[in-house]
Amino acid sequence: MSKLLAHLNERQLAAVTLPASHALVLAGAGSGKTRVLTTRIAWLISTGQVAPHGVLAVTFTNKAAREMLARISAMLPIDTRGMWVGTFHGLCNRMLRAHHRDAGLPQSFQILDAQDQLAAIKRLLKAAGVDDEKFPPRSVQQFVNHAKEQGLRPPRVEAGDDYSRRLVELYAAYDAQCQREGVVDFAELLLRSHELLERNQLLREHYQQRFRHILVDEFQDTNALQYRWLKLLAGESAALFAVGDDDQSIYAFRGADVANMAAFEREFRVAHLIKLEQNYRSHGNILDCANALISHNSRRLGKSLWTDAGHGEPVRVRESLTDAQEAQWVVEEVRALVGEGWARSDVAVLYRSNAQSRVIEHALFSAGVAYRVYGGLRFFERAEIKHALAYLRLLENPDDDGAFLRVVNFPARGIGARTLEALQDAARFAGSGLFAAAAGMGGTAAGKLAGFTALVERLRAETRALSLPEVVEHVIERSGLLAHYRSEREGQDRIENLRELVNAAAAFLAEEGGASGAPPRDAQPDAAAPASTPLAAFLSHASLEAGENQAGEGADAVQLMTVHAAKGLEFDAVIVTGLEEGLFPHENSVAEPEGLEEERRLMYVAITRARRRLYLSFAQTRMLHGQTRYSVRSRFLDELPAELLKWLTPRAQAAPASWREGWGGAWEGIGRPAGKARAHPGGEPLRPSAADQRAAQRFDRGVAFRVGQGVVHARFGEGVIVGIEGSGDDARVQVNFGREGLKWLALSVARLEAVG
DNA sequence: TCGGTTCAGAGTATT
DNA sequence: TCTGAACCGA
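Overview of the structure.

Parameters at a glance
Throughout this description, residue numbers start from 1 for each chain and increase along the sequence as written. Chain letters start at A and ligand numbers start at 1, both assigned in the order the entries are written. Given that this is a predicted model, residues contribute local features only at a pLDDT of at least 70 and side-chain atom pairs are listed and counted only at 80 or more, while totals for whole chains, interfaces and linings are drawn from all residues. Where side-chain values are given, they derive from all heavy atoms of the structure, hydrogens and water being excluded. By definition, a salt bridge exists where a carboxyl oxygen of Asp or Glu is found within 4 Å of a side-chain nitrogen of Lys or Arg. Put simply, DSSP H or I for four residues or longer makes a helix, DSSP E for two residues or longer makes a strand, and each gets a number counted from the N terminus. Each residue gets one of three labels from its accessible area relative to the maximum for its type: buried under 20%, exposed over 50%, partly exposed in between, using a 1.4 Å probe on protein chains only. By the convention used here, residues are in contact when the closest approach between their heavy atoms is within 4.5 Å. One heavy atom within 4 Å of a molecule or strand is enough for the residue carrying it to be called near that molecule or strand. Polar contacts, as counted here, are pairs of nitrogen or oxygen atoms within 3.5 Å of one another; within protein the pair requires one atom able to donate a hydrogen and one able to accept it, and residues that are adjacent in sequence qualify only if both atoms are side-chain atoms. Think of it this way: a Phe, Tyr or Trp ring, Trp meaning its six-membered ring, pairs with another when their centres are within 6.5 Å, and the plane angle makes it stacked under 30 degrees, edge-to-face over 60, tilted otherwise. Over a ring means this: the NZ of a Lys or the CZ of an Arg is within 6 Å of the ring centre and within 35 degrees of the ring normal. Gly falls in the polar group here, along with every residue not listed as nonpolar (Ala, Val, Leu, Ile, Met, Phe, Trp, Tyr, Cys, Pro) or charged (Asp, Glu, Lys, Arg). The reported arc concerns the directions from the helix axis to the C-beta atoms and nothing else. Strands are treated as partners if at least two bridges between them are detected by DSSP. Note on handedness: a crossover is taken as right-handed if, strands pointing away from the viewer, the path from the first strand over the helix to the second is clockwise. The criterion is simple. A nonpolar core is a set of buried Ala, Val, Leu, Ile, Met, Phe, Trp, Tyr and Cys residues joined through side-chain atoms within 4.5 Å. With a 1 Å grid spanning the protein atoms alone, the term cavity applies to any set of points in which a 1.4 Å probe fits but cannot get out, the term pocket to an open set with protein on both sides within 12 Å along at least five of seven lines, and the term lining residue to any residue with an atom within 4 Å of a point. Grid points are joined across faces, edges and corners, and a volume is the space filled by probe spheres set on the points. Axis angles are defined between N-to-C directions and span 0 to 180 degrees, where every axis is a line fitted to C-alpha atoms and, for a helix, only to the segment in contact. Like charges are joined within 9 Å and nonpolar side chains (Val, Leu, Ile, Met, Phe, Trp, Tyr) within 5 Å, but only among residues with over 30% relative accessible area and no salt bridge; these make up the patches. Only the protein chains shown count as cover for residues, and all accessible areas are computed by the Shrake-Rupley method using a 1.4 Å probe. Note on charges: Lys and Arg go in the positive column, Asp and Glu in the negative column, and His and the chain ends are not counted at all. Taken as the charge centre is NZ of Lys, CZ of Arg, CG of Asp or CD of Glu, depending on the residue.

The next subject is the pattern of salt bridges. Pairing is possible between side chains that carry opposite charge, provided their charged atoms lie close to one another. Counted under the stated rule, the structure contains 46 salt bridges. Linking Arg 393 and Asp 116 is a salt bridge whose minimum nitrogen-to-oxygen distance equals 3.3 Å. In this pair, Arg 393 sits in helix α16 (residues 383-396) while Asp 116 sits in helix α6 (residues 114-127), placing the two residues 277 residues apart along the sequence. For Arg 393, a relative accessible area of 10% puts it in the buried group. The exposure class of Asp 116 is buried, given its relative accessible area of 13%. Between Asp 638 and Arg 651 there is a salt bridge whose closest N-O contact spans 3.6 Å.

Below is the structure:
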């Protein structure tokens, strides 16, 4: 036991060994958060304060859940199976499987991923004859998910106008459709589980008494419903141990509410607020930068990172003329690092938005530097995998219309849109699913439909006695999928993936019972539920864990990812690119203070990824959406202490604040309507100081006029260039003449003189 | 039913 | 600029 607690610092030790009461641990980046969480669980169990059975630990990602379980297992020689460790969705799924009847779900309910959900909504809108111009499926999807994340069923959603009322109707119709088909979406897992506990006193009390200790990771990322779920599960007697970092809250856009931290402290009368501020990851200068930056945010719980690892190197800052040159510099720097003996895989290139990866990839590719991009299509999201899963889902649940429609004519069986429309009408009339309705169809297409349903029935019968991987293999072959891809010229990869699906099923079967996603195996009342089939469990697994994207994980390659994707990771060297106003902070966020603060937290996350070396980079111009965008360097750079920075290019004066307020990075270019460029709200001409102008021209290469340049026009008087488009004879500039307003002037025509 | 063309839109993302 | 979805002709 002393071994368990060795190597913990004083604060960590205090957190790990807290008495059984509610606690909030404010865990800074790199402060040993996961260690505290897992050691606490090991401590509680090994001291006999709680049985594994009485522990519930919840995370947001499968990766985090796996890591947590692995670390607990490494610390404890016991069977961790009785513990509930998993994602919110995984745990809710587990609960709903065990109590599907009480939850009003069929035993073999299927889980819709975001893609499936969108398809279901499109189908609904079409069937209801809704104008999808007025109600774009994506908006409806967002509306539904948002409502569910707030814990609101249709009757409780506030709708003040006709449009909202219609959305609420669609929400209700969507829920009805899901219920009819025996499917649930991600948010529904949470909501259904919450309602189950809320309505069923016996069940609620059972779980409340069972879970003596509930531990939550990344608490700042919880949404309203997740918080309520935790509250309900904790009841009066459990100890809720929440770990989080308000400064790393970067998911407000998907419903996360940092306010849950303060609410938790208040509502649970948290007596123990422990701050973990000692950082074991980064050198001092990096942390000082992070601290300085985040201090610009208001409404913080308050925390300051420190290290005893020494100051380390200064933070390097680099200005480039264009995004392409920035990318080229990244390549050179990576090469230099590798030359000095750094591993490529310990270098990360971060960016604010995915679109930025293109230039960097291009440069790395051309230079022959191995790289790996995070994100993209994941294994279980691939079309061929989705097709195979659709067949498997139909075996489990013939009411799954989404699955039916996905494969009824794939591979092609001559069942076209007309047939399906007739079938959907028949199903609606009969109040049944498509599969059931297919049996009663007449007409010429009836034979083809019957052929399909017979195929599914046959597959079901043939696979009854097979093991899970055999079922998958059988279905892939006999459904015609394999033959279809064999006849396709470029089907080889898809066939490989389908074979990989068989392997995934085998691996799942082998691991089942250990990690998350497994069906419940506990004592009452969970065990009272009939064990679901391995296939049903595998299908849940496939929905809840989309799997890896892209191979090459082990390779020694430079890591490219968004800042969001980098959260939770760390690298020896980090290069943050695109630090420009409008991009980072993103222009869609700067309007509201909340948005800007979240961007700043995002920057804080980016900075704190670096262990030893940090580069911050920006470019004067960037090609985005096919246009050249002229930008001003990010305000975040100017919020860092100058003495910690080492400029690799001459440091120019910061742009005046008014530049950002006005247009936050000018967007100009060919085809962009002039009206899109926003003028400074005051309408006054913007006059950069002489120093600013010198700075602005420092990297000038042949562009006579540039954004920020003061000019004089014979008729309009003095103004400032706010946008440039085209080149040569076609070049035009947009000038803010203050009282005269914004004008587009062709340089070949207008006589403009530079001033200042 | 497929393949080519046209058009809009382009932030971040886990389950 | 680039992508994905929608649309049209064979």
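More follows now that the structure is in view.
With that settled, consider the environment of Val 330. Along the chain, Val 330 turns up in helix α14 (residues 323-339). Exposure remark for Val 330: the relative accessible area of 0% places this residue in the buried category. Placed 288 residues apart in sequence, Val 330 and Phe 618 show a C-alpha to C-alpha distance of 11 Å. If near-sequence neighbours (up to four positions away) are discounted, Val 330 is found in contact with Val 349, Ile 360, Ile 575 and Thr 577.

With respect to spatial proximity, the complete set of residues near DNA strand C consists of Arg 358, His 625 and Gly 626. When the atoms of DNA strand C within 4 Å of the protein are sorted by group, sugar and phosphate make up 47%. Within the side chain of Arg 358, an N or O atom sits 3.1 Å from a sugar or linking oxygen of DNA strand C.

Inspection of the entire model under this criterion finds 21 aromatic pairs. When the ring of Trp 84 is compared with that of Phe 211, the centres are 5.4 Å apart and the planes differ by 55°; the resulting orientation is tilted. In this pair, Trp 84 sits in strand β3 (residues 84-87) while Phe 211 sits in the loop between α10 (201-210) and β6 (213-216), placing the two residues 127 residues apart along the sequence. Like Trp 84, the residue Phe 211 is buried in the burial classification. An aromatic cluster is built from Phe 219, Tyr 227, Phe 264 and Phe 268, whose rings are joined through pairwise contacts. When the ring centre of Phe 109 is taken as origin, the NZ or CZ atom of Arg 97, which lies over that ring, is 3.6 Å away.

This paragraph deals with the protein's contact with DNA strand B. Every one of the 25 residues lining DNA strand B counts as a neighbour, but Asn 62, Arg 352, Asn 354, Asn 409 and Ser 589 are closest to it. Protein-adjacent atoms of DNA strand B, using a 4 Å cutoff, are sugar or phosphate at a proportion of 50%. Here a base oxygen of DNA strand B sits 3.4 Å away from a polar atom, N or O, in the side chain of His 89. Within the backbone of Asn 354, a nitrogen or oxygen atom sits 2.4 Å from a phosphate oxygen of DNA strand B. The class makeup of the residues in the surface near DNA strand B is seven nonpolar, 14 polar and four charged.

For the rest of this paragraph, the subject is helix α12 (residues 259-267). If you check which residues of α12 are buried, you get Asn 260, Met 261, Ala 263 and Phe 264. Burial along α12 is one-sided: seen end-on, the buried residues are contained in an arc of 165°. Against the buried residues of α12 lie β1 (23-27), α11 (224-234) and β7 (239-244). Phi for Arg 269, located one or two positions after α12, is positive at around 45°.

Two strands pair when backbone bridges link them, and strand β2 (residues 55-59) and β3 are joined in this way by four bridges, in the parallel orientation. If you follow Leu 56 over to β3, its bridge partner there is Trp 84. In this fold, the crossover linking β2 to β3 by way of helix α4 (residues 62-75) has right-handed handedness.

Okay, the nonpolar core next. The nonpolar side chains of a soluble globular protein tend to be buried with one another. The biggest cluster of nonpolar side chains holds 60 residues, and the ones touching the most others in it are Ile 214, Trp 229, Leu 230 and Phe 264. With seven residues, α11 is the single largest residue contributor to this core. Residues in contact with Ile 214, not counting those within four places in the same chain, are Leu 56, Leu 230, Leu 233, Ala 234, Ala 238, Ala 239, Leu 240 and Phe 241. Core analysis: the second largest hydrophobic core is formed by 48 residues, Leu 434, Leu 459, Val 475 and Ala 542 among them.

Our next topic: the layout of surface pockets. Computed from the structure, the second largest pocket encloses a volume of approximately 580 Å³. Residue assignment for the lining of the second largest pocket shows that the elements contributing at least two residues are α12 and α26 (593-607). Partitioned by chemical class, the residues of the lining of the second largest pocket number 10 nonpolar, seven polar and 12 charged.

The subject of this paragraph is the sheet that holds β7. Taken together, the six strands give an open sheet; going across it, the order is β3-β2-β6-β7-β1-β8, and neighbouring strands pair in parallel fashion. Since the sheet does not close on itself, it has two edges, and those belong to β3 and β8 (272-276), each with one partner. When strand polarity is set aside, the average angle formed by the axes of neighbouring strands in this sheet is 15°. The pairing of β1 with β7 spans four bridges and is parallel. Residue pairing in the sheet places Val 25 in a bridge with Val 243 of β7. Across the sheet, α4 touches β2 and β3, and the angle it forms with β3 is around 155°.

With that settled, consider a negative patch on the surface. Taken together, Glu 488, Glu 490, Asp 493, Glu 496 and Glu 500 make up a surface patch of like negative charges. Examined against the element boundaries, Asp 493 turns out to sit in helix α23 (residues 492-511).

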